[in-house]
Amino acid sequence: MSLRAARADDVAQLSALDTASGGGGWSASQFATWLSTTLVLEDQAAILGFVTYSSVLDEAEILNIAVTTARRREGLGQRLWSAALAQFQRDGVQRCHLEVRAGNEAAIAFYHALGFAPTGTRKNYYSGPAGREDALLMTLVLETDA
Ligand SMILES: CC(C)(COP(=O)(O)OP(=O)(O)OC[C@H]1O[C@@H](n2cnc3c(N)ncnc32)[C@H](O)[C@@H]1OP(=O)(O)O)[C@@H](O)C(=O)NCCC(=O)NCCS
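Throughout what follows, the structure given in this document is the object of discussion. (Residues numbered from 1 in each chain as written. Predicted model: local features only at pLDDT ≥ 70, side-chain atom pairs only at ≥ 80, totals over all residues. Heavy atoms only, no water.)

## Some remarks on the site of the ligand
Alright, step 1. Near the ligand you find 21 residues, and of these Ile-65, Val-67, Gly-77, Gln-78 and Asn-104 are the closest.
Alright, step 2. A distance of 2.8 Å separates an oxygen atom of the ligand from a polar backbone atom of Gly-75.
Alright, step 3. In the model, an oxygen atom of the ligand is placed 2.8 Å from a nitrogen or oxygen of the Gln-78 main chain.
Alright, step 4. For the ligand, the cavity whose grid points lie within 2 Å of the majority of its atoms is the largest pocket.
Alright, step 5. Looking at the shell around the ligand residue by residue, the class counts come to eleven nonpolar, six polar and four charged. (Near = heavy atom within 4 Å. Polar contact = N/O pair within 3.5 Å; in protein donor to acceptor, adjacent residues only side chain to side chain. 1 Å grid on protein atoms, 1.4 Å probe; cavity = no way out; pocket = protein on both sides within 12 Å on 5 of 7 lines; lining within 4 Å. Sits in = over half its atoms within 2 Å of the grid points. Nonpolar A, V, L, I, M, F, W, Y, C, P; charged D, E, K, R; others polar.)

In structure tokens, the structure reads:
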């Protein structure tokens, strides 16, 4: 299994994985937009997971992350996060933010395990088949050498 930067020919597979994961529901063109800040875990040409982030100055945001359903709870999400974190540390990022559906218990538990703490909610932020859903905002303050 290898971790690498995403490539243009990954976008269809990334979008399919995202849809099957019940994650962000991103289209191939959204993945194309964020290709340069997407990392993938690949095994024999199959993408098992990805993380997409943005970073500006000392702030970063996790925009999307998913691991294929059959390979969850094997530490792959943690491995993707560690790679993003290493990049944040190289870039001088001090805080990382994200938003997650308030009912996405697995993702919230995952983010807690990484050290993220809740900072607020956005009421009715997401829409879906079951109606509107709040977004939970979470932040991690990165440790710095200073
Ligand atoms: C969130 C997600 C990426 C986690 O990936 P993963 O590879 O299963 O996570 P890991 O195996 O690295 O888990 C690391 C730790 O997070 C916590 N965790 C992860 N999934 C969990 C779950 N379903 N329930 C409780 N804790 C969980 C645990 O502490 C876990 O450590 P442990 O397995 O030793 O107990 C995965 O569940 C996923 O793809 N979900 C669908 C997409 C999604 O909702 N993305 C988030 C959008 S905001």
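## Considerations on the side chain of Ser-15
Alright, step 1. Within the element layout of this structure, Ser-15 appears in helix H1 (residues 11–21).
Alright, step 2. On the basis of relative accessibility, which here comes to 13%, the residue Ser-15 falls in the buried class.
Alright, step 3. Non-local contacts of Ser-15, meaning those with residues more than four positions away in its chain, are made with Trp-26, Ser-27, Ala-28 and Phe-31. (Helix = DSSP H or I, 4+ residues; strand = E, 2+ residues; numbered from the N terminus. Buried < 20%, exposed > 50% of the residue type's maximum accessible area, 1.4 Å probe, protein only. Contact = heavy atoms within 4.5 Å.)

## Describing the pattern of salt bridges
Alright, step 1. Here the structure, examined in full by the defined rule, presents nine salt bridges.
Alright, step 2. Note that Arg-4 is salt-bridged to Asp-10, the shortest N-O span being 2.8 Å.
Alright, step 3. The exposure class of Asp-10 is buried, given its relative accessible area of 3%.
Alright, step 4. When the shortest N-O distance is used, the salt bridge between Glu-133 and Arg-101 registers 3.5 Å. Residue Glu-133 is found in strand S7 (residues 131–141), and its partner Arg-101 is found in strand S5 (residues 95–101); the two are separated by 32 residues along the sequence.
Alright, step 5. For Glu-133, a relative accessible area of 24% puts it in the partly exposed group.
Alright, step 6. For Arg-101, a relative accessible area of 29% corresponds to the partly exposed category.
Alright, step 7. Members of the salt-bridge network, linked through shared partners, are Arg-4, Asp-10 and Glu-42. (Salt bridge = Lys/Arg side-chain N within 4 Å of Asp/Glu carboxyl O.)

## Regarding the sheet that holds strand S2 (residues 38–43)
Alright, step 1. Taken together, the seven strands give an open sheet; going across it, the order is S1-S2-S3-S4-S5-S7-S6, and neighbouring strands pair in mixed fashion. Among the strands making up the open sheet, the edge pair consists of strand S1 (2–5) and strand S6 (117–128). Across the sheet, the mean angle separating the axes of adjacent strands is 25° when strand polarity is ignored.
Alright, step 2. With eight bridges connecting them, S6 and S7 associate as antiparallel partners. Within S7, the position partnered with Arg-122 by the bridge is Ala-135. (Pairing = 2+ DSSP bridges. Axes fitted to C-alpha atoms, helices over the stretch in contact; angles between N-to-C directions.)

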